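# Close look at the chain arrangement
Next come the chains, spelled out residue by residue.
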Amino acid sequence: MAHHFPLKAAFRIVTLSPEVQVLDAHDQVLLQVKQKMLTLREDTTVFADAEKTRPLYRMKADRMSGFRAVHAVTRLADGQALGSVRAAGLRFLWRARYDVTDPAGNTLAHVQEQNPWTKVVDALLDEVPLIGPLVAMFINPRYTVQDAQGRVFAMILKKRSFVARHFTLERLEANPPELSDELLALGLVQVIFLERGRQ
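One structure accompanies this document, and this report is about it. Throughout this description, residue numbers start from 1 for each chain and increase along the sequence as written. In keeping with the predicted nature of the model, local features appear solely for residues at pLDDT of at least 70, side-chain atom pairs appear and are counted solely at 80 or more, and the whole-chain, interface and lining totals rest on all residues. Only hydrogens and water are set aside; all other atoms, that is, all heavy atoms of the structure, feed into the side-chain values.

## Section: unusual backbone geometry
Note that the residue after phenylalanine 5, namely proline 6, is joined by a cis bond; omega there is 5 degrees. Comment: elements are numbered from the N terminus, with helices defined as DSSP H or I runs of at least four residues and strands as E runs of at least two. With respect to the helices, strands and loops of the structure, proline 6 is situated in the segment before strand 1 (7–12). One non-glycine residue with positive phi stands out, namely aspartate 27, at about 60 degrees. Within the secondary structure, aspartate 27 is located in the loop between strand 2 (19–23) and strand 3 (29–35). Only protein chains enter the accessibility calculation, which uses a 1.4 Å probe; a residue whose area is less than 20% of its type maximum is buried, one above 50% is exposed, and one in between is partly exposed. Among the residues examined, aspartate 27 registers a relative accessible area of 48% and is labelled partly exposed. Positive phi, normally seen in glycine, also occurs at lysine 52, with a value near 60 degrees.

## Things to note about the side chain of glutamine 146
Mapping glutamine 146 onto the fold places it in strand 10 (residues 142–147). Residue glutamine 146 is classed as buried on the basis of its relative accessible area, which comes to 18%.

## Here's the deal with the nonpolar core
Put simply, buried Ala, Val, Leu, Ile, Met, Phe, Trp, Tyr and Cys residues joined by side-chain atoms within 4.5 Å make one nonpolar core. One finds Leu31, Val145 and Leu169 to be the most contacted residues of the largest nonpolar core, which totals 40 residues. No other element matches helix 3 (residues 181–198), which puts 10 residues into this core. The contact criterion used is simple: two residues touch if any of their non-hydrogen atoms lie within 4.5 Å. Residues within four places of leucine 169 in sequence aside, it is in contact with Phe5, Pro6, Leu7, Val145, Ala154, Met155, Ile156, Leu184 and Leu188.

Below is the structure:
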């Protein structure tokens, strides 16, 4: 499944159940993602349409939420395991880093926060009434996406508004041959949910 980049994802802040919509460069809905509430292990269904009538994928954690959880990605039509997304150990506590792997657990890509201090300033501004959230809209954390050899081939940029967080996935070079656009897009979604848990 080839996608038209950049991909744009919007995460609404004011909803009870976490939900993300992913659009392609032509503003066509690629994925509508809704996370199940009140589950011990994160369990997310990914749909092909905004109305959530055509389920495509399932992303489920192998344990209760934590920095060691592995979120397996499965295609629902044929039950095929596509890979997984996991936080990269204790380093995750300061600088966000995630690994996208194939079904055998081999790392295909790393997603890493460029500057962890941006996250600190972002959180502090949330505590300042009125002007804090306004100023914070101009602080945009960035994440590099690199292959196992360290080649940066994509970038994720986070922006915020009063009602949503917006993420843009810009591809700078071709993906590693073994990493499909399909898994890259789903990896973006899972990173958004995991980053939400760190805020």
